[in-house]
Amino acid sequence: MNDYTKLQNGSDVRGVALPGVPGEPVTLTPEAARKITRAFTRWLGEKKGKSPAVLTIGVGRDSRLSGPELAGRAAEGIILEGACCKDCGMASTPAMFMSTVLPGYQWDGAVMITASHLPWNRNGLKFFTREGGLESGDIREVLALARELSPEEGLSGGKEMVKAEKSDLMAAYAAHLRQVIIDGIGIGKQPLSGFRIAVDAGNGAGGFFAREVLEPLGADTSASVFLEPDGHFPNHIPNPEDKGAIASIKRAVLEGGCDLGILFDTDVDRAGAVDQNGEELCRNRLIGLLAAIAAREAPGSAVVTDSVTSAELGEFLTKKLGLIHRRFKRGYKNVINEGIRLNREGTPCLLAIETSGHAAMRENYFLDDGAYAAVKIIIQAARLRGEGRTLGDLLSDLGEPVEAAEYRLPIGEEDFRAYGQRVLLALEEYARKQAGWEVALDNCEGVRVSIPKAEGWFLLRMSLHDPLMPLNIESGRAGGVAAILAELEPFLAAWALTRP
């Protein structure tokens, strides 16, 4: 495959890296990884106005089976362009960004080999500079450059290639997180003594958090599960939104008598949690919890979320916490960039968070870092314990929808984006004519409509990458989702949008 542009997935590169799944041929080959990092190195040198010979770029990977091979070839690509490559081995995505800013590191760029929570045969590449993760436009430039590169030299003829230098980045990153906890709690070098915290890493790269962050601070992590990396992901999908993953950490907390449970996705850029009672702190409740922490630190500041957050959460953020709620387009980069924009324009925004668990904080470079989010939760839990309170107390006023559903409606038209846009324009016009329908004015994606008589709302939008229109519906009463769907179905049928 020479047209590497087909591997773009928003601001990432993703593809099939291993054979074994029928109908899924390998698209992200070792050669592709080498070419793409060659292109990134050249692109980075041009952006910085530097020769590649003076650049330092790190490479890390998660626990995926294809990780070692792809990381090795990625390092070769960097070295072939003349740059210094640091081999970080098993790492987290946030740690790879931190390699560009941590004292003693401050490398020019970083590459992470990961495909987040996708199946075992997939993999991908994420890229970082000191300014943050590359944007979609940057990825297009890198992949277009990779397509034009000549065949690699220096890989044949018996000439031994310079090796990447080993790096202890993860030890430095773990030490950084430990210090954040020590400073945040403020009661000595082992502020977690007496805490029982279970970590579920899902056999991804997050096992370090129990061993290298929590245990040295005095926490009992003996109830933790699936800390060992295993790219087959034999126990459950490493995804904080997955029901199996949530059930797993609940079980660990309740059986282990823990004060808190933390779960990560494969590359640790997302997190979820459960409290001592096994109550989920994921999705809307995770947003509510981190927003409550932000409200204590900066009353009246803004929180950016994605477009599918519940009406109950919006009321909690604005009426209970006194925050400004900015509901924005889905896609964690969209949400993060909106938070950055608000700060630049003078509106303080401490938190930008997508429902999936991508949480980015102003104090942490607006980096979506699951481990840092977990650190903030742990600090808050420790402070509350000193007050005789729990994390659940912060969420006592957060309402929950009685019913929620998401339908993914396929588009059969070849130009699916243009068709989807026509659907949305027609829906907005249609909705304004329906008695009892209230079109949201503050939604930045798709068409969101409240239907008070059904005590709920729906949102129809375009998928970020696929020929689909996701339809989210929530209601505050039993049978409300079905009632809303029944009202909407005549419009959907007219546009040939039916549930598979």
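Since this is a predicted model, take the numbers as computed values, not measurements.

This part takes up the overall build of the chain. Helix and strand content of the chain: 14 helices and 22 strands. Over its C-alpha trace the chain gives a radius of gyration of 23 Å, about what one expects of a compact globule, namely 23 Å for 500 residues. The principal-axis extent of the C-alpha atoms belonging to the chain is close to 75 × 60 × 45 Å. Buried residues in the chain amount to 56% of all 500 residues. In the chain, once contacts between residues fewer than 6 apart in sequence are set aside, the share between residues at least 24 apart is 68%. Just so you have it, the chain exposes about 20000 Å², and 49% of that area is on carbon and sulfur atoms. Averaging the locations of the 56 positively and 67 negatively charged side chains of the chain gives two centres separated by 2 Å.

Before going further, it helps to examine the nonpolar core. One finds Leu177, Ile181, Leu192, Phe208, Phe209, Leu214 and Leu290 to be the most contacted residues of the largest nonpolar core, which totals 76 residues. By residue number, the principal contributor to this core is helix H11 (residues 370–386), which donates eleven residues. Apart from the residues lying within four places of it in its own chain, the contact partners of leucine 290 are Leu351, Ile353, Ala359, Met361, Ala373, Lys376 and Ile377. The next biggest cluster of nonpolar side chains, apart from the first, holds 33 residues, and it includes Tyr4, Ile57, Ala75 and Val111.

Using the criterion set out here, one finds 36 salt bridges in the structure. A salt bridge links aspartate 220 to arginine 196; the nearest nitrogen and oxygen atoms lie 2.4 Å apart. Of this pair, aspartate 220 sits in the loop between helix H6 (208–214) and helix H7 (243–256) while arginine 196 sits in the loop between helix H5 (169–185) and strand E9 (197–200), and the two are 24 residues apart along the sequence. Classification of arginine 196 as partly exposed rests on a relative accessible area of 26%. With a closest N to O distance of 3.2 Å, glutamate 487 and lysine 453 form a salt bridge. Taken as a pair, glutamate 487 in helix H14 (residues 480–494) and lysine 453 in the loop between strand E20 (447–451) and strand E21 (456–460) lie far apart in primary sequence, 34 residues in all. Classification of glutamate 487 by relative accessible area gives partly exposed; the value is 25%.

This brings us to unusual backbone geometry. Backbone geometry at asparagine 203 places phi at a positive 65 degrees, although glycine is not the residue there. By secondary structure assignment, the location of asparagine 203 is in the loop between E9 and H6.

Glancing now at the sheet that holds strand E13 (residues 302–306). With mixed pairing, five strands are arranged side by side in an open sheet as E14-E13-E15-E16-E17. At either margin of the open sheet sits one strand with a lone partner, and together these are strand E14 (324–328) and strand E17 (367–368). The pairing of strand E15 (residues 349–353) with strand E16 (residues 359–361) spans three bridges and is classified as antiparallel. Paired with isoleucine 353 across the strands is alanine 359, a residue of E16. Seen against the sheet, helix H8 (residues 283–297) touches E13, E15 and E16 and runs at an angle of roughly 175 degrees to E15.

About the criteria used
Residues numbered from 1 in each chain as written. Predicted model: local features only at pLDDT ≥ 70, side-chain atom pairs only at ≥ 80, totals over all residues. Heavy atoms only, no water. Helix = DSSP H or I, 4+ residues; strand = E, 2+ residues; numbered from the N terminus. Rg over C-alpha atoms; globule rule 2.2 N^0.38 Å. Buried < 20%, exposed > 50% of the residue type's maximum accessible area, 1.4 Å probe, protein only. Contact = heavy atoms within 4.5 Å. Areas by Shrake-Rupley, 256 points an atom, 1.4 Å probe, with all protein chains shown as cover. Lys, Arg positive; Asp, Glu negative; His and termini not counted. Charge placed at Lys NZ, Arg CZ, Asp CG, Glu CD. Core = buried A, V, L, I, M, F, W, Y, C linked by side-chain atoms within 4.5 Å. Salt bridge = Lys/Arg side-chain N within 4 Å of Asp/Glu carboxyl O. Pairing = 2+ DSSP bridges. Axes fitted to C-alpha atoms, helices over the stretch in contact; angles between N-to-C directions.

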